[in-house]
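An overview of the molecular structure
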Amino acid sequence: MTTSSHSQILIVGVGGLGEHLVREALERGAQVSVLVRDRTNLEARLDAGTIAKLTRITVGDATDPAALDSAMQGIDVVISGNGAHKTMARRMAEAAKRN
């Protein structure tokens, strides 16, 4: 992953893969936002220091167009931390076109 310190990255989901993507992007100087279904799960996976470095936390479902639109405001790159999920991938692509 190559990023600039000005990249605005949205990581959708902070399960196993997403957790590592968040840490890696922050280490590389990216501005990182997340879209998560459950803030409690976010807090269980990432320490308070890492959470404090996040630019924005949006709580919502990644298949909900309104949640995606909100989370994608000002974002340059969107990465799925959930791996391949057919419905979510389609909704993310639609939201990227709108935003």
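Coordinates for the structure precede this section.
Conventions adopted
- Residues numbered from 1 in each chain as written.
- Predicted model: local features only at pLDDT ≥ 70, side-chain atom pairs only at ≥ 80, totals over all residues.
- Heavy atoms only, no water.
- Pairing = 2+ DSSP bridges.
- Helix = DSSP H or I, 4+ residues; strand = E, 2+ residues; numbered from the N terminus.
- Axes fitted to C-alpha atoms, helices over the stretch in contact; angles between N-to-C directions.
- Contact = heavy atoms within 4.5 Å.
- Salt bridge = Lys/Arg side-chain N within 4 Å of Asp/Glu carboxyl O.

Focus on the sheet that holds strand E4 (residues 77–80)
In space, the 4 strands of this open sheet follow the order E3-E2-E1-E4, with parallel pairing throughout. Where the open sheet ends on each side, the last strands, each with one partner, are strand E3 (56–59) and E4. Ignoring which end each strand starts from, the neighbouring axes of this sheet average 20° apart. Note that strand E1 (residues 8–12) and strand E2 (residues 31–36) share 5 bridges and pair parallel. Looking at E2, one finds that Ile11 is bridged to Val34. Strand contacts of helix H5 (residues 86–98): E1 and E4, with the helix running at about 175° to E4, the strand carrying the most contacts.

With respect to the pattern of salt bridges
This model, assessed by the stated rule, comprises 7 salt bridges. With a closest N to O distance of 3.1 Å, Arg45 and Glu19 form a salt bridge. Separated by 26 residues along the polypeptide, Arg45 in helix H2 (residues 39–45) and Glu19 in helix H1 (residues 16–27) bring together distant segments of the chain. Several salt bridges converge on common partners, so that one network encompasses Glu19, Arg23, Arg45 and Asp47.

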